Amino acid sequence: ICSDKTGTLTENQMTVQRMVTRDGAFTVTGGGYAPEGEVLDAGGSAADGGWAALEAMLRAGVLCNDSSLYEEEGYWRVSGDPTEGALLVSAAKAGINREELEHDHPRLDTVPFESEHQYMATLHGVREGDGRVTYVKGAVEKIIARCSAELGRDGSLIDLEPARIESLATEMASDGLRVLAFARKDLPAEVDEITHADVEEGLVFLGLQGMIDPPRQEALKAIEACHAAGVQVKMITGDHAVTAVAIADQLNLRRPGCALTEAVAAMSGAELAALRDDELVEAVEDTYVFARVTPEQKLRLVDALQDQGHVVAMTGDGVNDDPALRQADIGVAMGVTGTEVAKEAADMVLTDDNFASIEAAVEEGRGVFDNLTKFIAWTLPTN
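1. Considerations on the pairing of strand β3 (residues 24–28)
Bridge count between strand β2 (residues 15–21) and β3: 4 bridges; the pairing is antiparallel. Its bridge partner lying in β3, R18 is registered against T27. Linking β2 back to β3 in an antiparallel pair, the connection comprises 2 residues.

This is the structure:
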């Protein structure tokens, strides 16, 4: 079973816990989607102003965002992506008013998130000036590669230190946090549309936000049942490899009896792309986490596992997951977050997006098959 991580193996209830900018490191109190809590600096004091990079990063998280936060029957809920919902909550805890911010920075255009690019960008007007500003959020390595400077504590531009930022991101990811990077770029007033080319270079790095998405307890039991039944479980995710491995370890994803020296714990999309098909067939057997994977690479993983003689189930939710879902022996689409294209391509649709439902379906199917075998074995000699 090749399963997505977010929402399938985890709760899909994101909460920002840690933020890092040139201003320093900050912790965020409170859990869930309720905007109740504080942003605290390293000394434990409320970060209530004067932090240029922090404020700019939080604004980026609100403006480069397609989700909404609302209260219903006493509960706070998110309409849209839970990751983006968590960014709205962290900004609200810092006292940022979304309606005022969007009024002062009306959105003009968007480059939507796509798994092959791993970032999203939005173009905004500036009511107190005649310029334009673009905000970008996405995978740390993708954002850093497009930055040429970093926003300093006083709002000035300083030299970018990619190694330092990557080290901070890895440290956050090793604690199981999903890390997003944020950047911005000023553009001329006549610009009303943006493309990938506009954010290819010259961005100003703002900071990192790390959020936790706790593993589903029922997924932990389901994975244990899969291992007992001889079913391998592979995690396929767009997250950072360190984050994915930390969550995988909490879920006991590694096969029983598989020592560290006997397995490649994780493989990134870049490493996967560098392997020939025959090399991938060998590597895929003992790799249990695939991180930063593109939809095209999902198809390669299915082919490699099938070449090993496995019956493969592959989950997917996006339009580009169609080939992998069709190639898998059992294509599994997400009923809650999945697109109609993914659902049409799949053999099975999960109405609750829960990995435990896949395990239950395997168990039920094996029971049916076992009963058929027993019936035939009884019918032949007696008739």
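Having seen it, we continue.
2. Some words on the pattern of salt bridges
With the rule as written, the count across this model stands at 21 salt bridges. Note that D175 and R18 form a salt bridge whose closest N and O atoms lie 3.1 Å from each other. Taken together, the residues span a long stretch of sequence, with D175 in the loop between α5 (162–173) and β12 (177–187) and R18 in strand β2 at a distance of 157 residues. By relative accessible area, which is 43% here, D175 ends up partly exposed. Owing to a relative accessible area of 24%, R18 belongs among the partly exposed residues under this scheme. Across the pair D278 and R276 runs a salt bridge, and its minimum N-O distance is 3.2 Å.

3. Comments concerning the packing of aromatic side chains
For the structure shown, the criterion picks out 2 aromatic pairs. Look at F26 and W51: their rings are 5.1 Å apart centre to centre, the planes differ by 90°, and that puts the pair in the edge-to-face class. Taken together, the residues F26 in strand β3 and W51 in the loop between β4 (39–40) and α1 (52–63) connect sequence positions 25 residues apart. Look at F375 and W378: their rings are 6.5 Å apart centre to centre, the planes differ by 35°, and that puts the pair in the tilted class. Note that F375 and W378 are positioned in helix α13 (residues 355–382) at a spacing of 3 residues, about one turn of the helix.

4. Points about the side chain of T8
Along the chain, the position of T8 falls in the loop between β1 (2–4) and β2. Beyond its immediate stretch of four places on either side in the chain, T8 contacts S3, R216, M334, D353, N354 and F355.

5. Some remarks on unusual backbone geometry
One non-glycine residue, E73, adopts positive backbone phi at about 55°. Here E73 is to be found in the loop between β5 (68–72) and β6 (75–79).

6. Quick look at helix α7 (residues 241–250)
If you check which residues of α7 are buried, you get T243, A244, V245, A246, I247 and A248. Positive backbone phi, at 55°, marks N252, one or two positions downstream of α7.

7. Digging into the state of the cysteines
Throughout the structure, instances matching the rule amount to 0 disulfides. C2 takes part in no disulfide bond, and the closest cysteine sulfur to it belongs to C226, at a distance of 12 Å. Of the cysteine sulfurs around C147, a residue in no disulfide, the closest is that of C64, at 13 Å. Judged by relative accessible area, which is 10%, C147 ranks as buried.

8. Points about α1
In an α-helix there are 3.6 residues to a turn, and that puts residues three or four apart on one side. Between its first and last C-alpha atoms α1 spans 17 Å; for 12 residues at 1.5 Å apiece the expected length is 16 Å, and the two agree. Most of α1 is tucked away: 9 of the 12 residues are buried. Here α1 has its buried residues at A53, L54, A56, M57, L58, A60, G61, V62 and L63.

9. A closer look at the environment of D159
Take D159: it is sitting in the loop between β11 (157–158) and α5. Each C-alpha atom of the pair D159 and A149 lies 5.1 Å from the other, and the pair is 10 residues apart in sequence. Setting aside anything within four residues of it in sequence, one finds D159 in contact with R22 and E150.

10. Quick notes on the side chain of Q232
When you line up the elements, Q232 lands in the loop between α6 (217–228) and β14 (234–237). Here K234 takes part through its side chain, which lies 3.1 Å from a polar atom of the side chain of Q232.

Conventions and cut-offs
- Residues numbered from 1 in each chain as written.
- Predicted model: local features only at pLDDT ≥ 70, side-chain atom pairs only at ≥ 80, totals over all residues.
- Heavy atoms only, no water.
- Pairing = 2+ DSSP bridges.
- Helix = DSSP H or I, 4+ residues; strand = E, 2+ residues; numbered from the N terminus.
- Salt bridge = Lys/Arg side-chain N within 4 Å of Asp/Glu carboxyl O.
- Buried < 20%, exposed > 50% of the residue type's maximum accessible area, 1.4 Å probe, protein only.
- Phe/Tyr/Trp six-rings, centres within 6.5 Å; stacked < 30°, edge-to-face > 60°.
- Contact = heavy atoms within 4.5 Å.
- Disulfide = S-S within 2.5 Å.
- Expected span 1.5 Å × (residues − 1).
- Polar contact = N/O pair within 3.5 Å; in protein donor to acceptor, adjacent residues only side chain to side chain.

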